[in-house]
Amino acid sequence: EMEIYLAFFEEKGPALFDKLSKCGLNRWRISRVWNKEGKFSISLLYEYQDEKAFQRCRQLNDKFVEDNAEFYRKVTLKRNSYRTINILDFDGNAAD
C-alpha cells in the first residue's frame, strides 16, 4: 500500500502543492519512517505561513480527498496530527 500511496503523490503531488502554496503552504514534506525491523510508515509535514493559511489549505485538502475518494478507499490510513511551535530551526540554506 505504501508504494501505491507514494506513486499517487508522485503523480498528483506537484499540482496539489501548486494550489496549496498559493493559499499559504510554505513546505510539504513526505518522508518514509523506518521503525522496527521490516516496519515502516509515511510521515507528512506541512508548514504554513500562519493559521489563516492553514485554514485555507485545509479546505483545499478536504476537497482533494473528496475528489480522490476512490483512491483513499484502497489504502489504510492511520492519522496522527500534531500542532507544534518551532523552538530551534537550523537551516543551512538560510541567508546570513
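Residues numbered from 1 in each chain as written. Predicted model: local features only at pLDDT ≥ 70, side-chain atom pairs only at ≥ 80, totals over all residues. Heavy atoms only, no water.

**Section: the overall build of the protein**
When helices and strands are counted, the protein shows 3 helices and 2 strands. Taken from the N to the C terminus, the helices and strands of the protein come in the order α-β-β-α-α. When the backbone C-alpha atoms are referred to their principal axes, the protein occupies close to 45 × 35 × 25 Å. Looking at the protein as a whole, 21% of its 96 residues are labelled buried. Pairs at least 24 apart in sequence give 48% of the contacts found in the protein among residues at least 6 apart. Here the protein contributes 17 positive and 16 negative side-chain charges, whose respective centroids are spaced 5 Å apart. (Helix = DSSP H or I, 4+ residues; strand = E, 2+ residues; numbered from the N terminus. Buried < 20%, exposed > 50% of the residue type's maximum accessible area, 1.4 Å probe, protein only. Contact = heavy atoms within 4.5 Å. Lys, Arg positive; Asp, Glu negative; His and termini not counted. Charge placed at Lys NZ, Arg CZ, Asp CG, Glu CD.)

**Structural notes on helix α2 (residues 51-67)**
With 17 residues, α2 should reach 24 Å at 1.5 Å per residue; the first-to-last C-alpha distance of 24 Å fits that figure. With a side-chain oxygen lying 3.1 Å from the backbone nitrogen of K52, the N-terminal cap of α2 falls on D50. (Expected span 1.5 Å × (residues − 1). Polar contact = N/O pair within 3.5 Å; in protein donor to acceptor, adjacent residues only side chain to side chain.)

**A short note on the pattern of salt bridges**
Overall, the coordinates contain 4 salt bridges when judged by the stated rule. Notably, a salt bridge pairs R32 with E3, separated by 3.0 Å at the nearest N-O pair. Taken together, the residues span a long stretch of sequence, with R32 in strand β1 (residues 25-34) and E3 in helix α1 (residues 2-22) at a distance of 29 residues. Between D18 and K22 there is a salt bridge, with its nearest N and O atoms 3.4 Å apart. You can see D18 and its partner K22 sitting in helix α1, 4 residues apart, about one turn around the helix. (Salt bridge = Lys/Arg side-chain N within 4 Å of Asp/Glu carboxyl O.)

**Some points on the state of the cysteines**
Enumeration according to the criterion identifies 0 disulfides in this entry. Unpaired in this structure, C23 has its nearest cysteine sulfur neighbour in C57, at a distance of 5.3 Å. When its relative accessible area of 0% is taken as the criterion, C57 is described as buried. (Disulfide = S-S within 2.5 Å.)

**What to know about the side chain of N68**
By the element assignment, N68 lies in the loop between α2 and α3 (69-74). Look past the residues within four positions of N68 in its chain and what remains in contact with it is F8 and K12.

**Re the packing of aromatic side chains**
One pass over the structure, following the stated rule, counts 12 aromatic pairs. Their ring planes at 5° and their centres at 3.7 Å tell us that F8 and F71 sit as a pair that is stacked. Of this pair, F8 sits in helix α1 while F71 sits in helix α3, placing them 63 residues apart in sequence. You can call F8 buried: its relative accessible area is 9%. (Phe/Tyr/Trp six-rings, centres within 6.5 Å; stacked < 30°, edge-to-face > 60°.)

These results come straight from atomic positions and should not be treated as a statement about function.
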